[in-house]
Structures are given as C-alpha cells and as structure tokens.
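Geometric and topological summary
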Amino acid sequence: MWILELDDTEICLSKDGEIFCQEPGIAWAEVKELSFGEAALKVAKLFPARVHTQYWNLLDQSHVEPKGFAVETQADLVYQQLLHIKKQSNLQDKDEVLIVVPSDRTEQQLRLLYGIALKAGYNVIDFVDLGVAGALSCDGSGAIAFVSVGMQRTVITHLKVNNEVVRERVSVTPQLGILPLTNTWIRMVAEKFLASSRFDPRKFGETEQQIFNQILAFVRSSEGNSTIDAQYRGTTRQVEISKAETVEAAQDRYASALSLLTADEDLVLSHATYGLPGLADALTQDGRNYSVSTFSSTSDALTLALGDRSDSDQCSLHTTLLKHASSKSDEQHQEEEQSDPLVQPTHILHQATAYPIGPEFTVNIGELGESQLFTLQQRTQGTALKIGDSAPIAVNGTPVEAELFVQLGDRISVLDRHYELITVQS
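Scope of this entry: the structure provided in the associated data block. (Residues numbered from 1 in each chain as written. Predicted model: local features only at pLDDT ≥ 70, side-chain atom pairs only at ≥ 80, totals over all residues. Heavy atoms only, no water.)

1. Looking at the overall build of the protein
Tallying secondary structure elements over the protein gives 12 helices and 29 strands in all. Scaling as 2.2 N^0.38, a compact globule of 426 residues should have a C-alpha radius of gyration of about 22 Å, and the protein matches this with 23 Å. Counting only C-alpha atoms, the protein reaches 70 × 65 × 35 Å along its principal axes. For the protein, buried positions account for 50% of its 426 residues. Intrachain contacts of the protein at a sequence separation of at least 6 include 57% that bridge at least 24 residues. Carbon and sulfur atoms make up 47% of the accessible area of the protein, which amounts to about 20,400 Å² in all. Between the centroid of the 34 positive side chains of the protein and the centroid of its 58 negative side chains there is a distance of 9 Å. (Helix = DSSP H or I, 4+ residues; strand = E, 2+ residues; numbered from the N terminus. Rg over C-alpha atoms; globule rule 2.2 N^0.38 Å. Buried < 20%, exposed > 50% of the residue type's maximum accessible area, 1.4 Å probe, protein only. Contact = heavy atoms within 4.5 Å. Areas by Shrake-Rupley, 256 points an atom, 1.4 Å probe, with all protein chains shown as cover. Lys, Arg positive; Asp, Glu negative; His and termini not counted. Charge placed at Lys NZ, Arg CZ, Asp CG, Glu CD.)

2. Thoughts on the packing of helix α6 (residues 178-197) against helix α7 (residues 205-220)
At a minimum axis separation of 10 Å, α6 and α7 run at an interaxial angle of 115°. Regarding the angle of α6 to α7, the classification is roughly perpendicular. Where α6 crosses over α7, the two elements pack in a sense that is right-handed. Residues I178, L179, T182, W185, I186, V189 and F193 of α6 form the contact with α7, whose participating residues are E208, I211, F212, I215, L216 and V219. (Axes fitted to C-alpha atoms, helices over the stretch in contact; angles between N-to-C directions. Parallel < 35°, antiparallel > 145°, perpendicular 65-115°, else oblique. Left-handed = near helix turned anticlockwise from the far one by under 90°.)

3. What about the environment of I357?
Looking at where I357 falls in the secondary structure, it is placed in the loop between β21 (353-356) and β22 (360-365). Residue classification places I357 among the buried residues on the basis of a relative accessible area of 1%. Taking the C-alpha atoms as reference points, I357 and L376, 19 residues apart in sequence, are found 7.1 Å from one another. Non-local contacts of I357, meaning those with residues more than four positions away in its chain, are made with P345, T346, H347, I348, L376, Q378 and L421.

4. Some points on the pairing of strand β16 (residues 266-269)
Strand direction decides the pairing type here: strand β11 (residues 142-149) and β16, joined by 4 bridges, are parallel. Within the sheet, the bridge partner assigned to I144 lies in β16 and is D266. Sheet topology places β16 next to strand β17 (residues 290-292); 3 bridges connect them, and they run parallel. Residue pairing in the sheet places L269 in a bridge with V292 of β17. (Pairing = 2+ DSSP bridges.)

5. Considering the sheet that holds strand β4 (residues 27-29)
Judged by pairing direction, the sheet is antiparallel, and its 3 strands sit side by side in the order β5-β4-β6 without closing on themselves. With partners counted over all chains shown, the strands left at the sheet margins are β5 (34-36) and β6 (51-52), one partner each. In this sheet, β5 lies alongside β4 in antiparallel orientation, the contact comprising 3 bridges. Bridge pairing in β5 places A27 opposite F36. With respect to the sheet, helix α3 (residues 74-89) is in contact with β4, β5 and β6, its orientation differing from that of β5 by roughly 70°.

6. Let's talk about the packing of α3 against helix α4 (residues 107-119)
To characterise two packed helices, one gives the angle between the axes of the helices and the distance between these axes. The contact between α3 and α4 brings their axes to 9 Å, and the two run at 45°. Considering the angle they form, α3 stands oblique to α4. Classified by chirality, the crossing of α4 by α3 is right-handed. Facing α3, whose interface residues are A75, V78, Y79 and L82, α4 presents L112, L113, I116, A117 and K119.

7. A word on the side chain of T207
For T207, the location among the structural elements is in helix α7. Classification of T207 as buried rests on a relative accessible area of 0%. In contact with T207, not counting residues within four places along its chain, are F199, P201, Q231 and Y232.

8. Re the sheet that holds strand β19 (residues 320-322)
Pairing is mixed in the open sheet, where 6 strands are placed in the order β17-β16-β11-β12-β13-β19. Each having just a single partner strand, β17 and β19 make up the two edges of the open sheet. Each strand of the sheet is rotated relative to its neighbour by a mean of 25°, with strand direction disregarded.

9. As for the pattern of salt bridges
When their charged atoms lie close together, side chains carrying opposite charge are able to pair. Under the criterion given, the structure shown has 12 salt bridges. R105 serves as the salt-bridge partner of D104, at 3.3 Å between the closest nitrogen and oxygen. Accessibility expressed as a relative area gives 10% for R105, which makes it buried. Each of D104, R105 and R153 takes part in a single network of salt bridges with overlapping partners. (Salt bridge = Lys/Arg side-chain N within 4 Å of Asp/Glu carboxyl O.)

Written out as structure tokens, the structure is:
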C-alpha cells in the first residue's frame, strides 16, 4: 500500500516502508518555472515574494500573489506538488494511496484535497489523521500527545491510547515552526556578525540566503559547533555558533508548544520534530516520557490497522484506529516475556570505575560539566541513549545520530573516552 504523509516539513510518499519521494511543502513560482522542496528552500530569502510556504496549511482557493507558472491559487500549488511527487515516485493511476493528513484539517479542506488528488491521478482509498497514525506504533498508553512541527506552525494532537488510538482534540501554535525558528537563528547569527564586524547579513538577500542555508544544514547535523560564512563583494566574514546557542535562542518558541501540553501527557514526536536541537529536552523537562515516530514504523502500523486497503467504497477520515503491537499473538508475547525477561544494564563502566545508571545518568565534559556528551535513561522498553551536543558518538564502532536503545555489553565511544554497559549484582 502506498502512503502519502502530508506533514509539510517533509511530505513523504512511501510503499511498504520504502520512501520514494520526500520533500518539504514549499514552492518557488516564477513566471516560467515552478520548483518545490529543497530547490525552493535554496531561494527562500533571495525571492521571498515568489516563495510560498502556506499553501498546505491554507488548502483553499485563495489567490496567489504574484501569480507564477501554472499557478493562480493555493489549490494550484497543492495540485502541482502532488503531480511533481507522483512523477518523482513513478506512481501509477491504479496504485492505491492512503493519505495521512495533519490533525487540524477541516472537513472542507479534506473535500478540496480529495478533489485535487483525484485530478492529479491519485487513487485515494482513505484518509488517516497524522497524530493517530504516529501514535499507532508507540509503546505508551493513556494520555499521549503527538507533536508535529511544520514549516509555519506546530500541530499537537491530544490522544487517548489503549487498545485503540483515539483523537480527542487538537492544538495549534504559529509560534513554533521550521521557518519561524530559522528566522530566530538568523537573527542570532546576525547579532554575532554585527558585534564582530558591524555587518548585517539580513540587509542583502544574497547573504541572508547563505546564512539560511548554513543554519538549516547545521541544525540537521550531529555537529556541536559550526562556522557560519557570509560572502559579499569579495569579502568573507565568519562567526562561530554552537548547538547550545541555537537551543537557548529557541526556548521561547519551544515554550509555546510546552504550554499546550497537559501534565499527564507523554509524547510522540514526528521524525522532523525530534531532529530540532533541544526540543525533546524542552518538552520533557518535567520528566514525561517520549518516543519518536518514523516513516517505517508508521507504515507498518497502518498496514496492520487497515490492511492492504480500506474496506469501504467511500473515503473517510480515520480519527480512531485499533492498535496492533505486532503480527504475533498475545499468547506468543506472554511466552516470550516469561522465557526471556529484559535484562537492563545497571552500571556504566569507564576505565576501572562502574557508575550506577539509576533512572537517568548523564556524562558531561569540562570542569563544570557544562557540555553534555550523552544521557542514559531507563525506560520500560529498555535503556535509551540520548545524544548530547558536544561530540560525535559511536556505539559498538557505528556512528549514531539519533536516540536509540542500547543493551548490556554495548560499548559507547565519544572523544577519547570509552564506556561499557554492564550489570552489577547486588
């Protein structure tokens, strides 16, 4: 089954977990040219009047100004990007497509989207709420909030999760989005340039685009520090920035999402949301648990919940779905749990000293412990390794760039330090 996920940070078309096309929902509409995704991001500050970032949110027939190639309305931009994605993925008219939509879509917007998709040659079989889809594969239960940071706003889907995932309500904040965040970071960098050379890169589209490109690349990377260049009229100026500075600058925007959560809610973060520096820590500062939704896990969970295709001849929006942990029976799970209980490491060994992990253990560097290397958290499903901002980390010799679960005997390497996860019998 093909799945089209319309989270505008990374619109994704996949089949059986394999991604065929993935790009942000942003368009550059010139008089004789129309580009989407990364190509549009690369000119977002050069041609701001002709770069469009709201059409997936608006999803209406309001006019686009100025008009561009084959584009007069917001709906035209949606239609043209759907055509572009279909062509890039070699999707055929007969292929059945399940569309996963953000939780704040209205009935009127869904009707328009359905008509646009049919016109673009998509064989749409059903719609599923993005928050419901993202929470299907999570291990938590009870009150769950699915957090998705989009290009211009953040949508939080409040859910009840037990044997089924049920959408209860939706919250939206325009304060937190990829582009507003990037503008905050550009302002931070511009202040550094002004302090060092009295040069403001925001005054010229060329230099602002340079800063924009470098910041996006930096926050997506695992690097803790970066040099930002601004080249103008043969002169190159440089400033240094760190991940810690980007996190500090973003705190007010992160707080806007935190204010929408209730105290009893655990979190599921979209893949793009988890990648934003410091956001997971900001949202879980009160100790709430979180997990990360991936395209492959969502695809597997939706296939289990819906089968190969909808059992209805009429498209509808699913805001409630039965949850299937896996294809194994409950009896098989119980037998496995009884015969092979989870053994979690109790200590982390460095040189000749074993340190107790406890519920959470953080490894820092520096005399004051100001730079975090990594954190270990004991959760019901295992021991989670959370990566810090200071240096690249490898587990058993393999570099890691995102949170993962580690187990007894794993070796963690960072800088010139080596650690091993062990169990100490009391």
